[in-house]
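Tertiary structure, described
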Amino acid sequence: MPPRPGRPAQYRRPYWNTQPDYRFDPYASTQLRAPAQPLIALPQSLSEVTGPTFGPEFVREGDNDLTVGHGGEPIGERILVTGRVLDENGRPVPHALIEIWQANAAGRYTHPRDQHDAPLDPYFSGEGRTITDASGHYQFKTIKPGAYPWRNHHNAWRPQHIHFSLFGNAYATRLVTQMYFPGDPLLDYDPIFQCVPDDKARNRLVAAFDWETTAPEYALGYRFDIVLRGRDATPME
């Protein structure tokens with residue numbers, strides 16, 4: 001049941017084996033950033049879990065279209081990514097702020113720290129945002145990202161992916177995950193994807209090709225539903 005008005009939602013332990021461990025040795029950076037001591041639960045105040053809320057003022061018209069607004073048409077394959085944000089009982093989560101960021105079609109981010117020897121696209125920033133509607137639905141128009149090297153291990157390449165950030169009814173209620181593409185051969189070699197222990201949970205990170213979303217003669221469509229918790233929860237970082 002949802003929390004009663006004026007009361008904070010209670011924390012629920014993630015369902016067994018559906019979420020990655022803090023430390024996963026094949027993913028090298030977790031060896032340094034994983035907690036070395038037992039975790040301590042810090043109580044949250046009512047203000048931390050009830051506000052401020054995110055509304056339409058956080059999103060401008062067209063923010064969910066990453067192919068426009070930069071003076072020209074970006075290079076690469078256009079795609080449409082759609083889905084719903086749901087709770088553990090399959091109910092829609094409306095008015096959730098979703099932000100995405102990604103590499104361009106050549107596998108490079110628009111960020112000064114990304115020095116991958118691949119071209120930047122002046123017409124593609126790689127970031128967008130939207131608010132879910134009353135049925136929990138969202139959609140983005142973007143460019144299919146490229147794979148890129150990341151130096152985690154010998155000959156390490158990240159699969160094609162899009163980062164998702166979801167905000168609930170307060171700044172403290174933020175979840176981050178990644179969406180992958182079906183049939184990518186790099187998934188079997190990627191420790192970030194493989195760090196989710198359960199096969200079914202791990203495969204919930206892979207979008208499904210969606211014929212209904214595909215736009216004729218324009219863009220392929222992919223569906224990526226996000227479940228926030230419960231046994232069918234989407235794995236989160």
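The protein is annotated in an unreviewed UniProt entry as Protocatechuate 3,4-dioxygenase subunit beta from Cupriavidus pauculus. Its UniProt record, at the heading Sequence similarities (unreviewed entry), says of the protein: "Belongs to the intradiol ring-cleavage dioxygenase family."

1. Looking at the side chain of Thr213
Its location among the elements puts Thr213 in the loop between strand 9 (208-209) and strand 10 (220-223). Owing to a relative accessible area of 13%, Thr213 belongs among the buried residues under this scheme.

2. Some thoughts on the pattern of salt bridges
Under the defined criterion, the tally for this structure stands at 12 salt bridges. Taking the shortest distance from any N to any O, the salt bridge between Asp25 and Arg23 comes out at 2.6 Å. We classify Arg23 as partly exposed; its relative accessible area is 47%. Notably, a salt bridge pairs Arg129 with Glu99, separated by 3.8 Å at the nearest N-O pair. Taken as a pair, Arg129 in strand 3 (residues 127-131) and Glu99 in strand 2 (residues 97-101) lie far apart in primary sequence, 30 residues in all. Each of Arg60, Asp63, Glu99, Glu127 and Arg129 takes part in a single network of salt bridges with overlapping partners.

3. Some thoughts on the UniProt feature "domain: Intradiol ring-cleavage dioxygenases" (unreviewed entry) in the protein
Mapped onto the present numbering, the UniProt feature "domain: Intradiol ring-cleavage dioxygenases" (unreviewed entry) falls on residues 81-109. Between the C-alpha atoms that bound residues 81-109 the distance is 19 Å, and the span itself is 0% helix and 38% strand.

4. Quick notes on the nonpolar core
Counting residues in each nonpolar core, the largest one holds 22 residues, and the members touching the most others are Ile98, Tyr138, Ile162, Phe164 and Met179. Of all the elements in the fold, those that place two or more residues in this core are strand 1 (78-86), strand 2, strand 4 (137-143) and strand 7 (161-167). Filtering out sequence-adjacent residues up to four positions away, Ile98 remains in contact with Val85, Gly128, Arg129, Thr130, Thr132, Tyr138, Phe140, Phe164, Ser165 and Leu166. Listed in part, the 13 residues of the second largest apolar core include Tyr109, Trp150, Ala156 and Leu187.

5. Examining unusual backbone geometry
The residue His95 is not glycine, and still its phi comes out positive at about 60°. Within the secondary structure layout, His95 lies in the loop between strand 1 and strand 2. For Glu217, which is not glycine, the phi dihedral falls at a positive 60°. A relative accessible area of 86% places Glu217 in the exposed class.

Rules and cut-offs
Residues numbered from 1 in each chain as written. Predicted model: local features only at pLDDT ≥ 70, side-chain atom pairs only at ≥ 80, totals over all residues. Heavy atoms only, no water. UniProt positions renumbered as here; feature names shortened; annotations may be inferred. Helix = DSSP H or I, 4+ residues; strand = E, 2+ residues; numbered from the N terminus. Buried < 20%, exposed > 50% of the residue type's maximum accessible area, 1.4 Å probe, protein only. Salt bridge = Lys/Arg side-chain N within 4 Å of Asp/Glu carboxyl O. Core = buried A, V, L, I, M, F, W, Y, C linked by side-chain atoms within 4.5 Å. Contact = heavy atoms within 4.5 Å.

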